[in-house]
Amino acid sequence: MLKIEPMENEVKFNSESLAVIEKIVARYPDGKHKSALIPVLHLAQAEFEGWLSPAAMDEVARVLNLKPIEVYEVASFYTMFNLNPVGKCLIEVCRTSSCWLRGANEIVEHIEKKLNIKDGETTADGMFSLKTVECLGSCGTAPMMMIGAQFHENLTYEKVDTILDSCKTENKRKTYFDNVNIEHY
Amino acid sequence: MGKKLLLAYDHVPGIKGFEVYRANGGYKSVEKAVKTMSPDAVVEEVKKSGLRGRGGAGFPTGMKWSFLAKPEGVARYLVCNADESEPGTFKDRYLMSRIPHILVEGMITSGFALGATAGYIYIRGEYFYIVSILEKAIEEAYANGFLGKNILGSGFNYDLYVHVGAGAYICGEETALLESLEGKRGNPRIKPPFPAIAGLYGCPTVVNNVETIAAVVPIINDGGEAYAAVGIGKSAGTKLISASGHINKPGVYEIEMGITVEDFIYSDEYCGGIKNGKKLKAVVAGGSSVPILPADKILTTPSGEKRLMSYESLADGGFASGTMLGSGGFIVMDETASVVENLHTFARFYHHESCGQCSPCREGTGWMEKILHKILDGHGTMEDIELLWEIQSKIEGNTICPLGDAAAWPVASAIRHFRSEFEEYVKNSNNLKKVRHYDSVNQLVSA
């Protein structure tokens, strides 16, 4: 059955993000503010719990003065945008050639066993999601995975265990903005 | 030791920062260009250098620059393609994260040559941590008068920005990149018009790879002829090679073009030989898109000479027995590696990355992945190998952008050189326990 959503959008960028968005828009010529869409979607995903809900995308449309459909069609095209909720730590494991040659499948299976989830799933406590991804440009240090903006390279089972255990202890949402100075975004 | 032009100062502590970079000769090309040269003279030097696009296509950079339309009163853009996503390639990441100023410097000198009003560095989203490295370098360049209004008192105004993508291999295709930079889905445009006429926001635009832009720095510093003297024949200069796979020393190496493939694989200066003393089985020499070659064919040309690391020598023999330098993504496989399984990772990659605009690519890449999965899963037939061949042949040349070709060539070359291995999989299902199942493919198998 069709669900009618209330018109009022509860999701709003905070003032810090709005200031960053203003700076991003200024990079493009007058009237070309649509160019800011992808950088702003990244901000939205980081601020709104790691994924782009329809409400979050509507908020992006509002601040950039775009039609919602212009935002949806872009958000759905790019791999890094999550259109469903994900765990606090999204584990992205590279599975392409060079990583595969050096044991990526075994790393994925190890994580699956350790967390008791399959590729594409989230742990019951909402801590971890596992996603196999295409080449992340870390072929010389394969196998590798990315959590937030951090590349973890030359993986071994022990290394994976240490990293995941420390994520769990930290219990913090990882985003692509981790260790990124927002002044330099 | 071979000549180093881009990584010459890689070992210097603090080279990431402006002061150290500048103290080691950084930004001299900007000074030289804006103070003593005309824009056309800079283009001339690049033409003389013989520099060819380092992103994969190998098109002469100076010629690409000379195609740029220059209508009065219309903005022109220089866009740097830092969407490095070709499997096996990680040289741009290495360069940007370690010596960000060489890219910033190259963007300024090249921007001056083209009369660009602004430059954009489009970097793949997965390299998020490099965004702030580049932004910091740009900030330092502004603070020291190398960017902004009236650069070094020359009257040249130029701004430089970083733009982050969000995970799409297709955005490495230059028109898809421009669409993405305009805030749209990364669907390649139909050409013509080429970006040189109507690119970013419909304005004349040049799109160059990170390594290409960086190479402009030594070209202007030392002159085009000095650059052309490095390398071999039409493969002028140095090339960054990303070496990975079953080798002792994976990493990024700056090579002078013309060294032998054998030397690159086995010498301690580069890959240091095959891991665990195993035998070499195959090499993908230029990133996932280029034809895979078995050991004998990658080491020697059809005429029996040692094959060289150069555009021409790697292509010697055409697709029957040669390959391409491509982006320099050099993936090495030892005797234990399965060519069919490796191909499956490539086919899955292209299926995932196809933008979906052109039917041959959208449908074909999916079918190639499914058939390979079927073969690996123990359900393959000899007809499947023929079907795979037929599908790739129908994709090649039938799409708007080169992603279709890039998806077809690895399949064609794997069957051409390793057909018996495919047949082994069909005949012997004991080989077949390693494939991982993915939902989309499971549906096909059970259907």
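Keep in mind it's a predicted model, so treat the numbers as computed, not measured.

Cut-offs and rules
Residues numbered from 1 in each chain as written. Chains lettered and ligands numbered in written order. Predicted model: local features only at pLDDT ≥ 70, side-chain atom pairs only at ≥ 80, totals over all residues. Heavy atoms only, no water. Contact = heavy atoms within 4.5 Å. Buried area = accessible area lost by both parts, 1.4 Å probe. Salt bridge = Lys/Arg side-chain N within 4 Å of Asp/Glu carboxyl O. Helix = DSSP H or I, 4+ residues; strand = E, 2+ residues; numbered from the N terminus. Expected span 1.5 Å × (residues − 1). Buried < 20%, exposed > 50% of the residue type's maximum accessible area, 1.4 Å probe, protein only. Arc of directions from axis to C-beta. Domains from an automatic or database assignment. Polar contact = N/O pair within 3.5 Å; in protein donor to acceptor, adjacent residues only side chain to side chain. Nonpolar A, V, L, I, M, F, W, Y, C, P; charged D, E, K, R; others polar. Core = buried A, V, L, I, M, F, W, Y, C linked by side-chain atoms within 4.5 Å. Axes fitted to C-alpha atoms, helices over the stretch in contact; angles between N-to-C directions. Parallel < 35°, antiparallel > 145°, perpendicular 65-115°, else oblique. Phe/Tyr/Trp six-rings, centres within 6.5 Å; stacked < 30°, edge-to-face > 60°. Lys NZ or Arg CZ within 6 Å of the ring centre and 35° of its normal. Pairing = 2+ DSSP bridges. Patch = residues over 30% accessible without salt bridge, like charges linked within 9 Å, V, L, I, M, F, W, Y side chains within 5 Å. Areas by Shrake-Rupley, 256 points an atom, 1.4 Å probe, with all protein chains shown as cover.

The next thing to look at is the interface of chain B and chain A. Every contact between the two is made by 65 residues of chain B and, on the other side, 50 residues of chain A. With both sides pooled, the region where chain B packs onto chain A buries about 4600 Å², and carbon together with sulfur makes up 59% of that total. Run the count over chain B and chain A and you get two salt bridges. The salt bridge involving glutamate 153 of chain A is made with arginine 93 of chain B; its shortest N-O contact spans 2.9 Å.

Residues and elements named next belong to chain A. In a regular helix each residue adds 1.5 Å, so 14 residues correspond to 20 Å; helix H7 (residues 157-170) covers 20 Å between its end C-alpha atoms and thus fits that length. What H7 keeps buried is the set Val160, Ile163, Leu164 and Cys167. Buried residues in H7, looked at end-on, bunch into an arc of 90°, giving them a common side. Exposed side chains of H7 directed beyond 90 degrees from the buried face belong to Glu158, Thr162 and Thr169. Elements in contact with the buried residues of H7: strand E1 (89-94), helix H6 (104-115), strand E2 (128-133), strand E3 (145-147) and strand E4 (150-152). Just past H7, the residue asparagine 171 takes up positive phi, approximately 50°.

Residues and elements named next belong to chain B. Partitioning chain B into structural domains gives domain 1 (18-229), domain 2 (232-334) and domain 3 (339-446). Listed per partner, the contact involves 12 residues of domain 1 and 11 residues of domain 3. Carbon and sulfur atoms supply 71% of the area buried between domain 1 and domain 3, which totals about 890 Å² over both sides. On the surface where domain 1 and domain 3 come into contact, there are zero salt bridges. Our enumeration of links across domain 1 and domain 3 arrives at two residue pairs in polar contact (both at pLDDT 80 or more). For the side of domain 1 that touches domain 3, the residue count by class is six nonpolar, three polar and three charged.

With 166 residues, the main nonpolar core has Tyr78 of chain A together with Ile108, Ile123 and Tyr158 of chain B as its most contacted residues. Element by element, the count of residues in this core is highest for helix H18 (residues 403-427) of chain B, at nine residues. Excluding anything up to four places from it in sequence, tyrosine 78 of chain A contacts Ile38 of chain A together with Tyr122, Ala166, Gly167, Ala168, Cys171, Ser180, Lys184, Arg185 and Gly186 of chain B. Counting residues in hydrophobic clusters, the runner-up holds 26 residues, among them Ile247, Ala285, Ile298 and Phe330 of chain B.

Quick look at the packing of helix H5 (residues 91-98) of chain B against helix H9 (residues 210-222) of chain B now. Geometrically, a packed helix pair is captured by the angle between its two axes and the distance between the axes. All names here are of chain B. At a minimum axis separation of 9 Å, H5 and H9 run at an interaxial angle of 50°. On the basis of their axis angle, the class for H5 and H9 is oblique. Between H5 and H9, the residues in contact are Lys91, Asp92, Leu95 and Met96 and Val210, Glu211 and Ala214, respectively. Grouping the amino acids of the contact of H5 with H9 by side-chain chemistry returns four nonpolar, no polar and three charged.

Time to look at the packing of aromatic side chains. If you walk through the whole model with that rule in mind, you get 28 aromatic pairs over all chains. Seen from their ring centres, tyrosine 169 of chain B and tyrosine 350 of chain B are 5.9 Å apart, and the 75° between their planes marks the pair as edge-to-face. Here the residue tyrosine 169 of chain B occupies a position in the loop between strand E3 (159-164) and helix H8 (174-181), and tyrosine 350 of chain B occupies one in helix H15 (residues 339-353), the gap between them amounting to 181 residues. For tyrosine 169 of chain B, a relative accessible area of 14% corresponds to the buried category. Site record: aromatic cluster; members linked through ring pairs are Tyr28 of chain A together with Tyr77, Tyr120, Tyr161 and Tyr201 of chain B. When the ring centre of tyrosine 311 of chain B is taken as origin, the NZ or CZ atom of arginine 52 of chain B, which lies over that ring, is 4.0 Å away.

All names here are of chain A. The four strands are arranged E2-E1-E3-E4 in an open sheet whose pairing can be described as mixed. In the strand order of this sheet, the two ends are held by E2 and E4, each with one partner. Each adjacent strand pair in this sheet contributes to an overall mean axis angle of 25°, direction not counted. This element, H6, spans E1, E2 and E3 of the sheet and lies at about 155° to E1.

All names here are of chain B. Within the element layout of this structure, aspartate 92 appears in helix H5. For aspartate 92, the side chain forms a polar contact with the side chain of asparagine 209, separated by 2.9 Å. Those residues within four positions of aspartate 92 in sequence are excluded, and the remaining contacts are Asn81, Glu84, Asn209, Val210 and Glu211.

To continue, consider the pattern of salt bridges. Residue and element names in this part refer to chain B. The full count for this structure, using the stated rule, is 34 salt bridges over all chains. The salt bridge partner of arginine 22 is glutamate 31, with a shortest N-O separation of 3.2 Å. Note that aspartate 92 and lysine 91 form a salt bridge whose closest N and O atoms lie 2.8 Å from each other. The structure contains a network of salt bridges with shared partners spanning Arg54, Lys91, Asp92, Glu211 and Lys239.

The subject of this paragraph is the sheet that holds E3 of chain B. Residues and elements named next belong to chain B. Strand order in the open sheet made by the four strands is E3-E2-E1-E4, with parallel pairing throughout. With partners counted over all chains shown, the strands left at the sheet margins are E3 and strand E4 (205-209), one partner each. Going from strand to strand, the sheet's axes swing by 20° on average, the running direction of each strand aside. Sheet topology note: the strand E2 (residues 118-123)/E3 ladder contains six bridges and is parallel. Within E3, the position partnered with tyrosine 122 by the bridge is histidine 163.

This part is about a nonpolar patch on the surface. Side chains of Phe59, Met63 and Phe67 of chain B sit close together on the surface and give an oily, nonpolar patch of about 290 Å² of accessible area. For phenylalanine 67 of chain B, the location among the structural elements is in the loop between helix H4 (61-66) and strand E1 (77-82).

All names here are of chain B. In contact at an axis separation of 4 Å, H5 and helix H6 (residues 100-114) are set at 95° when each is read in the N-to-C sense. The angle between the axes of H5 and H6 places the two elements in the roughly perpendicular class. Contacts from Leu95, Met96, Ser97 and Arg98 of H5 reach H6 at Pro100, Ile102 and Leu103. Looking at side-chain class alone, the contact of H5 with H6 contains five nonpolar, one polar and one charged residues.

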